[in-house]
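Architecture at a glance
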Amino acid sequence: QVRLVESGGGLVQAGGSLRLSCAASRRTFSTMGWFRQAPGKEREFVACIPWTGSTTYYADSVKGRFTISRDNAKNTVDLQMNSLKAEDTAVYYCAAGNVAVVSANLVNYWGQGTQVTVSS
(Lines give C-alpha, C1' and ligand atoms only; values in the text may rest on other atoms or scores of the structure.)
Protein backbone atom coordinates (compact mmCIF):
# COMPACT_ATOMS: atom_id res chain seq x y z
CA GLN A 1 0.00 0.00 0.00
CA VAL A 2 1.22 3.48 -0.91
CA ARG A 3 0.15 6.57 0.96
CA LEU A 4 0.13 9.90 -0.88
CA VAL A 5 -0.26 13.12 1.08
CA GLU A 6 -0.82 16.47 -0.59
CA SER A 7 -0.09 19.84 0.92
CA GLY A 8 0.15 23.46 -0.15
CA GLY A 9 -3.41 24.20 -1.15
CA GLY A 10 -5.10 27.40 -0.16
CA LEU A 11 -6.71 30.61 -1.31
CA VAL A 12 -4.96 32.79 -3.87
CA GLN A 13 -5.85 35.76 -6.02
CA ALA A 14 -6.18 35.33 -9.76
CA GLY A 15 -2.79 35.81 -11.36
CA GLY A 16 -1.04 34.52 -8.28
CA SER A 17 0.89 31.34 -7.61
CA LEU A 18 0.76 28.29 -5.40
CA ARG A 19 3.04 25.33 -5.02
CA LEU A 20 1.54 21.95 -4.17
CA SER A 21 3.55 19.07 -2.82
CA CYS A 22 2.85 15.36 -2.70
CA ALA A 23 4.77 13.05 -0.39
CA ALA A 24 4.76 9.34 -1.22
CA SER A 25 5.34 6.78 1.52
CA ARG A 26 7.00 4.45 -0.98
CA ARG A 27 8.32 4.70 -4.51
CA THR A 28 7.20 1.34 -5.86
CA PHE A 29 5.50 2.85 -8.89
CA SER A 30 6.96 4.49 -11.99
CA THR A 31 5.02 7.72 -12.35
CA MET A 32 3.40 10.45 -10.31
CA GLY A 33 0.81 12.93 -11.36
CA TRP A 34 -1.75 15.50 -10.41
CA PHE A 35 -5.47 15.57 -11.07
CA ARG A 36 -8.12 18.04 -10.06
CA GLN A 37 -11.84 17.95 -9.53
CA ALA A 38 -14.21 20.88 -9.33
CA PRO A 39 -17.70 20.49 -7.83
CA GLY A 40 -19.99 18.63 -10.22
CA LYS A 41 -17.13 17.89 -12.61
CA GLU A 42 -15.19 14.78 -13.53
CA ARG A 43 -11.75 14.32 -12.13
CA GLU A 44 -9.41 15.93 -14.64
CA PHE A 45 -5.80 15.17 -15.50
CA VAL A 46 -3.38 18.01 -14.84
CA ALA A 47 0.21 16.76 -15.15
CA CYS A 48 2.44 13.75 -14.62
CA ILE A 49 6.12 12.90 -14.39
CA PRO A 50 8.14 9.67 -14.14
CA TRP A 51 10.56 8.93 -11.33
CA THR A 52 13.11 8.00 -13.97
CA GLY A 53 13.46 10.01 -17.15
CA SER A 54 12.12 13.42 -18.04
CA THR A 55 9.00 12.89 -20.12
CA THR A 56 6.25 15.06 -18.69
CA TYR A 57 2.66 15.53 -19.76
CA TYR A 58 0.36 18.45 -19.15
CA ALA A 59 -3.26 19.14 -19.77
CA ASP A 60 -3.74 21.80 -22.42
CA SER A 61 -5.57 23.95 -19.89
CA VAL A 62 -2.48 24.31 -17.69
CA LYS A 63 0.34 24.06 -20.22
CA GLY A 64 2.73 26.97 -19.88
CA ARG A 65 1.39 27.90 -16.44
CA PHE A 66 1.95 24.80 -14.31
CA THR A 67 5.17 22.88 -13.85
CA ILE A 68 5.50 19.43 -12.32
CA SER A 69 8.76 18.41 -10.68
CA ARG A 70 10.10 15.64 -8.47
CA ASP A 71 12.63 15.04 -5.73
CA ASN A 72 13.57 11.37 -5.77
CA ALA A 73 15.54 11.61 -2.52
CA LYS A 74 12.46 12.85 -0.68
CA ASN A 75 9.83 10.85 -2.59
CA THR A 76 8.01 14.06 -3.36
CA VAL A 77 6.39 15.56 -6.42
CA ASP A 78 5.49 19.22 -6.65
CA LEU A 79 3.16 21.20 -8.83
CA GLN A 80 4.11 24.83 -9.29
CA MET A 81 1.03 26.74 -10.37
CA ASN A 82 1.51 30.20 -11.82
CA SER A 83 -0.85 32.70 -13.41
CA LEU A 84 -3.74 31.08 -11.63
CA LYS A 85 -7.25 31.58 -12.94
CA ALA A 86 -10.62 31.21 -11.28
CA GLU A 87 -11.22 28.11 -13.38
CA ASP A 88 -8.26 26.44 -11.68
CA THR A 89 -10.33 26.25 -8.50
CA ALA A 90 -10.67 22.59 -7.56
CA VAL A 91 -9.56 19.90 -5.19
CA TYR A 92 -6.15 18.75 -6.40
CA TYR A 93 -5.22 15.09 -6.02
CA CYS A 94 -1.85 13.46 -6.14
CA ALA A 95 -1.76 10.20 -8.09
CA ALA A 96 0.64 7.32 -8.67
CA GLY A 97 0.79 4.57 -11.25
CA ASN A 98 3.07 2.37 -13.32
CA VAL A 99 2.36 4.07 -16.61
CA ALA A 100 2.01 7.76 -17.42
CA VAL A 101 -1.03 8.70 -15.34
CA VAL A 102 -2.71 10.85 -17.94
CA SER A 103 -6.11 9.34 -17.22
CA ALA A 104 -7.80 8.44 -13.96
CA ASN A 105 -8.21 4.81 -15.02
CA LEU A 106 -4.42 4.48 -15.06
CA VAL A 107 -4.03 5.55 -11.44
CA ASN A 108 -3.24 2.98 -8.78
CA TYR A 109 -3.06 5.28 -5.75
CA TRP A 110 -4.68 8.57 -4.85
CA GLY A 111 -3.96 11.18 -2.25
CA GLN A 112 -6.69 12.70 -0.12
CA GLY A 113 -6.78 15.95 -2.04
CA THR A 114 -6.00 19.55 -1.22
CA GLN A 115 -8.27 22.49 -1.95
CA VAL A 116 -7.11 25.25 -4.26
CA THR A 117 -9.34 28.28 -4.49
CA VAL A 118 -8.58 31.12 -6.89
CA SER A 119 -10.46 34.34 -6.33
CA SER A 120 -10.93 37.17 -8.79
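The structure under discussion appears in the preceding block.
Residues numbered from 1 in each chain as written. Predicted model: local features only at pLDDT ≥ 70, side-chain atom pairs only at ≥ 80, totals over all residues. Heavy atoms only, no water.

**A look at the pairing of strand β11 (residues 114-119)**
Side chains T114, V116 and V118 project from β11 onto a buried face, and the interleaved Q115, T117 and S119 project onto a face without burial. Pairing between strand β2 (residues 10-13) and β11: 4 bridges, direction parallel. If you follow L11 over to β11, its bridge partner there is T117. Bridging between strand β9 (residues 90-97) and β11 involves 3 bridges; their strand directions are antiparallel. Bridging across to β11, Y92 finds its partner in T114. (Buried < 20%, exposed > 50% of the residue type's maximum accessible area, 1.4 Å probe, protein only. Helix = DSSP H or I, 4+ residues; strand = E, 2+ residues; numbered from the N terminus. Pairing = 2+ DSSP bridges.)

**As for the nonpolar core**
Formed by 34 residues in total, the largest nonpolar core has its most connected members in L4, M32, W34, L79, M81 and Y92. Of all the secondary structure elements, the ones that give two or more residues to this core are β3 (18-24), β4 (31-37), β5 (44-50), β7 (66-71), β8 (76-81), β9 and β11. Discounting residues that sit within four places of it in the chain, L79 has contacts with L18, R19, L20, W34, V46, A47, F66, T67, I68 and Y92. (Core = buried A, V, L, I, M, F, W, Y, C linked by side-chain atoms within 4.5 Å. Contact = heavy atoms within 4.5 Å.)

**So, the sheet that holds β3**
An order of β1-β3-β8-β7 is seen for the 4 strands of this open sheet, with the pairing classed as antiparallel. The outermost strands of the open sheet, each flanked by one partner alone, are β1 (4-7) and β7. Ignoring which end each strand starts from, the neighbouring axes of this sheet average 15° apart. Where β1 meets β3, 4 bridges bridge the pair, whose relative direction is antiparallel. By the bridge assignment for β3, V5 is matched with A23. (Axes fitted to C-alpha atoms, helices over the stretch in contact; angles between N-to-C directions.)

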